[in-house]
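Now for the letters of each chain:
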Amino acid sequence: MASTTAMVPTRMPQQQSRGDRGLFTTSDDNVMMKQIMATHTPDGREFDVKPLLHVVEDVMHRATPIVPGTANAITQAQLEALDEKALHSGFSDMLEVLAYPINRIACEISCKCSGGSDAHATTVGLFNTLSSYMWDAKVVIALAAFAVNYGEFWLVAQLYPTNPLARSVALLKQLPDILERGDSLKPRFEALTTLIKAMLDLTKCIVEFKELPSQYITLETPALVTATAHIPTAVYWTFRSIVACASQIMNLIGMGHEYISSTTEAWELSSLAHKVSNIHSHLQKQLALCYQHIDEKRHIEAYLTLVRLFDTPHMDNTKILKALIYGKEDQLPLWDGHLKKRVSLDVLRRRNVLLFISELDLDHNQELFILDQMYSESRQNPSRPESQYEIVWLPVVDRSTPWSEVKQKQFESVQAQMAWYSVYHPSLLDPSVIKYIKEIWHFNKKPLLVALDPQGRVVNTNAIHMMWIWGYLAFPFTTVREDGLWKDESWRIELLADSIEPLIFNWISEGKYICLYGGEDMEWIRRFTTTAKAVAQAAGIQLEMLYVGKSNPREKVRKINSTIVAEKLSHMLPDLTLIWFFWVRLESMWHSKTQHGKSVENDTIVQEIMTMLSFDGSDQGWALISRGSTEMAKAKGDTILTSLTRFDQWKQRAEQEGFVPALNANLHDLHTPHHCNRLILPGANGAIPERVVCAECGRPMEKFIMYRCCTD
């Protein structure tokens, strides 16, 4: 960042004597501020002082108080780590320029701190000496100068038991006498170590502000304005702390037996540590706000780049996939669910790709079960190898809460159920990608299946409805293909039931009558199945009955299934997932049709779908009776049960016109203009239209909002 000279603190401390260990008082704030700011006349030179700070930090960590007779163990790895941090482009040149001011300040500190000078006056003197440097360079140079003195002191202290030269120097400084009374000096050494750590933390924070990328943040950013105003104060108190620490060290040298430990000295260091830590906490908060601002700018930039990328033609899908799934050249960002190993994005090059987008908490993994079956079927179809596609799971996780072991296990549990590809870890999806998924593809909790062609073009922002309706036959999952499939469809039992029960196709070919029924009223189910069987026998028709339950089936439907089997009432779907799939296909048909502009007023299939969904929304049972692909009759539970119990009244008509047409006519006679239909549509990614008309009477339905947790 640019120099922070334009911003100054609003509060500065007052000058104090050596005996006055308190902080500045507010009365002289403006005077002190002017005094410090008057010394700041930078010449415009910029230094990357971070490598120098690494060296200073290493000195401080190693120059720690030790028990005489022992030595700090410095491993080769630690030395190599230091060399790696110090090896920096231009570091040697920079150090050559800064070596003189560092040593000059070191001498100034040694001289003035050993002579009992006024602490504030000494601090101002340091500011004068370093007047031509930026704030970050000032504080790092001063800290490096102190590190020279501090490091030399402890280097002699650590080596004197084993090194003759160090021992002679230590004797001249009378260090053995001081260190042998280490217990009495322990509070002072602890306070010294605490203050040095606080100074390092604050200095690193100041340097971080200098390194903020100017392309994402400016000096006018509120958080940076606040920080800039307080950085001179932060530098001042770091200088004051350096002076205090240096004074403590200098006071130890040469005092020998005359030295008497003072708790006042330790208290001063602790007070300064508290002050410096408070300043650091304040600046750290502003730094966090700056990083938040930078992240937002970066995410917006990445998001706009993603938008442009999807609007640009490509030779293949490589650029698109790399933009969606972050991966460095040496990373393998995908997990192959079949081979159980990490793979590169190259496995998807020029392939048709379906991006399965969901949260970690899938609806009891029903989507996974059905999707896996369809994926397997597509690969077991040798007659259409060109219709094969790849699926990649992109898990959308909430970044506002930290990633936990519970989330990791949940992620791994879902990932283990997938035979296709998935991102190796959710962190490989950049926040800009999540923003794109939500804002452009309208992801909102319900799973999405975004279809990409071999060039990476989005051919369908949600092919999941096509997948549920037609399976892999919907390939290549384009909206054009979807429109074509609907043109070939009509409302028939094959479309309604699909492959949920393979026996249905046998029943159709054998000319049998097929009855699908549902609901959760066990007493009605008993009455209806018994009556329907009796009527079929009286009419001389072969009737097969299949219970298809209710959408979002739970324990109640499971119990009804068990009762149907025990009492041999009819066929039923053995798996609750198949019951779920029966109803989700109907919902998908509705979404697919409405996305193509179809409604009850202009499309027969939509009218039939709406009727079926309204059956499921009611509290009573319902039934549909069909023969072949053209004859179909359906009604709510009470109505169809009443019609069947009065079979004698329309038996003759059934013999003349056929059972289903006669049943339809009788249901029409029983219909009353007074009715109440309830349509429950799940909150899905497809937009819910503002106007929905009743499939029975054609009048607009009133819109309500319902929250349901799907528990029995």
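Scroll up to find the structure.
Residues numbered from 1 in each chain as written. Predicted model: local features only at pLDDT ≥ 70, side-chain atom pairs only at ≥ 80, totals over all residues. Heavy atoms only, no water.

What follows is about the overall build of the protein chain. Looking only at helices and strands, one finds 26 helices and 12 strands in the protein chain. A buried classification covers 50% of the 712 residues belonging to the protein chain. Sequence-distant contacts, at least 24 apart, represent 73% of the contacts inside the protein chain between residues at least 6 apart. Working note: accessible area of the protein chain is about 33,900 Å², and carbon and sulfur atoms make up 53% of it. (Helix = DSSP H or I, 4+ residues; strand = E, 2+ residues; numbered from the N terminus. Buried < 20%, exposed > 50% of the residue type's maximum accessible area, 1.4 Å probe, protein only. Contact = heavy atoms within 4.5 Å. Areas by Shrake-Rupley, 256 points an atom, 1.4 Å probe, with all protein chains shown as cover.)

Attention now moves to the environment of Leu 495. The topology assignment puts Leu 495 in helix 18 (residues 493–497). The exposure class assigned to Leu 495 is buried, which follows from its relative accessible area of 3%. Each C-alpha atom of the pair Leu 495 and Met 589 lies 9.8 Å from the other, and the pair is 94 residues apart in sequence. Discounting residues that sit within four places of it in the chain, Leu 495 has contacts with Ile 469, Trp 486, Glu 489, Ser 490, Arg 585, Met 589 and Ile 605.

With six of six residues buried, strand 8 (residues 513–518) lies mostly within the body of the structure. On strand 8, burial covers both faces: Tyr 513, Cys 515 and Tyr 517 on one face and Ile 514, Leu 516 and Gly 518 on the other are all buried. Looking at chain direction, strand 8 and strand 9 (residues 543–547) are connected through five bridges and run parallel. Residue pairing in the sheet places Leu 516 in a bridge with Leu 546 of strand 9. Regarding topology, helix 20 (residues 522–539) serves as the crossover connection from strand 8 to the parallel strand 9, and that connection is right-handed. Summarising the sheet, strand 8 and strand 11 (residues 622–627) pair through six bridges and their orientation is antiparallel. Residue pairing in the sheet places Ile 514 in a bridge with Ser 626 of strand 11. (Pairing = 2+ DSSP bridges. Right-handed = clockwise from strand over helix to strand, strands pointing away.)

Two orientations exist for strands paired in a sheet by backbone hydrogen bonds: parallel and antiparallel. With respect to topology, five strands assemble into an open sheet ordered 10-9-8-11-12, the strand pairing being mixed. A single partner strand is all that each edge strand has here, and the edge strands are strand 10 (571–572) and strand 12 (631–636). Seen against the sheet, helix 23 (residues 604–617) touches strand 11 and strand 12 and runs at an angle of roughly 35° to strand 12. Along the sheet, helix 24 (residues 637–645) makes contact with strand 11 and strand 12, crossing strand 12 at roughly 115°. (Axes fitted to C-alpha atoms, helices over the stretch in contact; angles between N-to-C directions.)

With that settled, the discussion passes to helix 5 (residues 119–129). Across the 11 residues of helix 5, eight count as buried, placing the element largely inside the fold. When helix 5 is considered as a whole, its buried residues turn out to be Ala 119, His 120, Thr 122, Thr 123, Val 124, Gly 125, Leu 126 and Phe 127. For helix 5, the N-terminal cap is Asp 118; the gap from its side-chain oxygen to the backbone nitrogen of His 120 is 3.1 Å. (Polar contact = N/O pair within 3.5 Å; in protein donor to acceptor, adjacent residues only side chain to side chain.)

Let us look at the sheet that holds strand 1 (residues 334–336). With mixed pairing, the seven strands of this open sheet are ordered in space as 2-1-5-4-3-6-7. Edge positions in the sheet fall to strand 2 (341–343) and strand 7 (458–460), since each has one partner strand and no second. The mean angle between the axes of side-by-side strands here comes to 35°, regardless of whether they run parallel or antiparallel. As paired elements, strand 3 (residues 353–358) and strand 4 (residues 390–395) share six bridges and run parallel to each other. In the sheet register, Phe 356 faces strand 4, and the bridge partner there is Trp 393. Along the sheet face, helix 14 (residues 405–416) touches strand 1, strand 4 and strand 5 (421–423) and points at about 165° away from the line of strand 4.

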